[in-house]
Amino acid sequence: MKRGGIMLKLSEMREKEIININNGERMGFVDDFEINLEKGHVEALIISEGGKILGLFGKNSETIIRWSDIVRIGTDTILVDYKGDV
């Protein structure tokens, strides 16, 4: 994945904490990616929000952050301009 001329592995993205610049909320870490195979790029980051026990029981909700909402990818964090589901 390339952003601003810098190569970044998807596995490295999963280690970075996502922070919303609108309210300072720590949203969590990347659990998955939405990839457009036809265009060959990442469309969105997906954060899974707990609720399941051993991955089996309970609700599992997701927050989807579009690639265009990413403001900056830093060493330890990903800053996003996330306003919720619009």
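Data block above holds the structure.
Description of the structure in this document.

Criteria and cut-off values
Throughout, residues of each chain are indexed from 1 in the direction in which the sequence is written. For a predicted model such as this one, the threshold for reporting local features is a pLDDT of at least 70, and the threshold for listing and counting side-chain atom pairs is 80 or more; totals across whole chains, interfaces and linings nevertheless cover every residue. Note that the side-chain values use all heavy atoms of the structure and ignore hydrogens as well as water. What counts as a helix is a DSSP run of H or I of at least four residues, what counts as a strand is a run of E of at least two, and both are numbered from the N terminus. Every residue pair with non-hydrogen atoms within 4.5 Å of one another is taken to be in contact. For two strands to pair, DSSP has to find at least two bridges joining them. Fitting a line to C-alpha atoms yields each axis, with helices limited to the stretch in contact; the angle taken between N-to-C directions then spans 0 to 180 degrees.

## Section: the environment of Phe29
Then step 1. Inspection of the secondary structure assignment puts Phe29 in strand S4 (residues 26-29).
Then step 2. Residues Phe29 and Leu45 lie 16 residues apart in sequence; the distance between their C-alpha atoms is 9.4 Å.
Then step 3. Excluding residues within four positions of it along the chain, Phe29 makes contact with Arg14, Glu15, Lys16, Glu17, Ile18, Ile46 and Ile47.

## Quick look at the sheet that holds strand S6 (residues 41-49)
Then step 1. Spatially, the three strands line up as an open sheet ordered S5-S6-S7, and their pairing is antiparallel. Taken across any chain shown, the strands that pair with only one partner, and hence form the sheet edges, are strand S5 (32-36) and strand S7 (61-66). Recorded for the sheet is a direction-independent mean angle of 30 degrees between the axes of neighbouring strands.
Then step 2. Sheet topology places S6 next to S7; six bridges connect them, and they run antiparallel. Across the sheet, the residue bridging to Glu49 is Ser61, located in S7.

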